[in-house]
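Structural overview for review
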Amino acid sequence: MSKLRSGIFLAPFHPVDEDPTLAIRRDLELIEWLDKQGFEEAWIGEHHSAGYEIIASPELFIAAAAERTSRIKLGTGVVSLPYHNPLMAANRIIQLDHMTRGRVMFGVGPGLLPSDAHMLGIEVAKQRDRMVEGLEVILRLFKGETVTAETEWFKLQNARLQLKPFSDPYPEVAVASSVTPSGGKLAGKHQLGMLCVAATNTAGYDALAINWDVAQKTAIENGRVMDPGVLRLVGPMHIAETREEARAQVKYGFAKWQHYFGSINPMGLEVKEGKDPIDTMIESGQGIIGTPDDAIAQIERLQKKIPGFGAYLMLAHNWANFEDTKKSYELFARHVKPKFHKANEAREASLKWATENAGDFIGQAMNAAMQTIVKHQAEEEAKAKTRAKPAAD
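Considering empty space enclosed by the protein
Applying the stated criterion across every chain yields a total of three cavities of 30 Å³ or more. When its volume is computed, the largest cavity comes out at roughly 80 Å³. Taken together, L10, H14, R26, D27, L30, A316, H317, N318, F322, T325 and Y329 make up the lining of the largest cavity. Of all elements in the fold, only helix 1 (20-37) and helix 12 (322-341) reach the threshold of two or more residues within the lining of the largest cavity. Residue composition of the lining of the largest cavity, by class: five nonpolar, four polar and two charged.

Next up, the structure:
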């Protein structure tokens, strides 16, 4: 089984009372920080309305982030395909594939915010069908085909890519999946990855196994087998050295995030009247505000639901100030990642072996020390006799 990868899903969420330019610069700094801490992936969203999620082009952001980093893989989380001509979307990703030397991942979806679709004059009911139409053309283009196709919303004539992909055979493709089975069907049909963007939300958690089963069955129908390593599960998390510190730190921005996320997102935070929303979140398993041990328990809970899933992505949320946010990711890298990478198994076994045999080893060391002392004394006595011999003669 492969090591569990980890990273973030950056929508992003930036309150409307702060400078947007500085917010985007901090997002870039955050990706740099994650790269330094050894995180494997970062996915960046596309949104065009509602004020909070202010990255309109994940491709532009990825181009900038790639120049600041060396190893972290960067994904579109996601490109809303109904908003883009498929040839243009394919060309941008293949260009990024070259610019990043194979570090780009192509996440796709129908578009989350109805307000985005409204501004573009797209019926929400048509978004999923258009996503499928666009993606199937893009996959053909990635494979080097020349495509002539016409739908109600795009027309291509002898369309082809002028650049072959840098990646072999082309960048990894992942489809957004939450509650409905559409993402699972598409992933199974085309052997794509799945971005389970509401994995710890109550409804999303309940649908995880169902949608994964849909993907597996669809894959079998198409002569394929799905690898759970392509599954990425997204959930919110903020950790500190103690639970009390974590709760104190998220007072910085949790309420603003809760108001926005609960108002705009159909998979928003569950709220119970008369109950602290943080308590509701923790008790329901929707998110973690606690310690590295709490983070480990959450991931183990997800592993029981979907054994062998490939990556856990923390929803980037700005609950805490920037320094505490970076510290949270550092603690995850120091104490959570090693647990699932089994990085310390050999060290723990070595410590156990050395401790269990400490008596013998210390005894051997003491005996060796005594022998050295005795040897030294004998040598000194011999030297003394040698020095004394001429005087006696």
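Some details on the layout of surface pockets
Approximately 370 Å³ is the volume found for the second largest pocket. Residue lining of the second largest pocket: 16 residues in total, with P338, K339, F340, H341 and K342 positioned closest to the centre. For the lining of the second largest pocket, the secondary structure elements donating two or more residues are helix 12 and helix 13 (345-356). The biggest single contributor to the lining of the second largest pocket is helix 12, with five residues.

Points about the packing of aromatic side chains
A full pass over the atoms with the stated rule returns 14 aromatic pairs. On the numbers, 6.4 Å between centres and 90° between planes, the contact of F13 with W257 is edge-to-face. With a gap of 244 residues between them, F13 in the loop between strand 1 (5-10) and helix 1 and W257 in helix 9 (residues 254-264) connect regions that are remote in the sequence. Accessibility assignment for this pair places F13 and W257 in one class, buried. Arranged with centres 5.2 Å apart and planes meeting at 75°, the rings of W257 and W319 form a pair that is edge-to-face. Of this pair, W257 sits in helix 9 while W319 sits in the loop between strand 11 (311-316) and helix 12; the two residues are 62 residues apart in sequence, bridging distant segments of the chain. Exposure remark for W257: the relative accessible area of 3% places this residue in the buried category. Residue W319 is classed as buried on the basis of its relative accessible area of 0%.

Notes on the pairing of strand 4 (residues 104-109)
The buried count for strand 4 comes to six of six residues, which makes it a mostly enclosed element. Side chains V104, F106 and V108 project from strand 4 onto one buried face, and the interleaved M105, G107 and G109 project onto a second face that is buried too. In this structure, strand 3 (residues 73-80) lies alongside strand 4, joined through five bridges in parallel fashion. Across the sheet, T76 pairs through a bridge with F106, a residue of strand 4.

Definitions and cut-offs
Residues numbered from 1 in each chain as written. Predicted model: local features only at pLDDT ≥ 70, side-chain atom pairs only at ≥ 80, totals over all residues. Heavy atoms only, no water. 1 Å grid on protein atoms, 1.4 Å probe; cavity = no way out; pocket = protein on both sides within 12 Å on 5 of 7 lines; lining within 4 Å. Points joined across faces, edges and corners; volume = space filled by probe spheres on them. Helix = DSSP H or I, 4+ residues; strand = E, 2+ residues; numbered from the N terminus. Nonpolar A, V, L, I, M, F, W, Y, C, P; charged D, E, K, R; others polar. Phe/Tyr/Trp six-rings, centres within 6.5 Å; stacked < 30°, edge-to-face > 60°. Buried < 20%, exposed > 50% of the residue type's maximum accessible area, 1.4 Å probe, protein only. Pairing = 2+ DSSP bridges.

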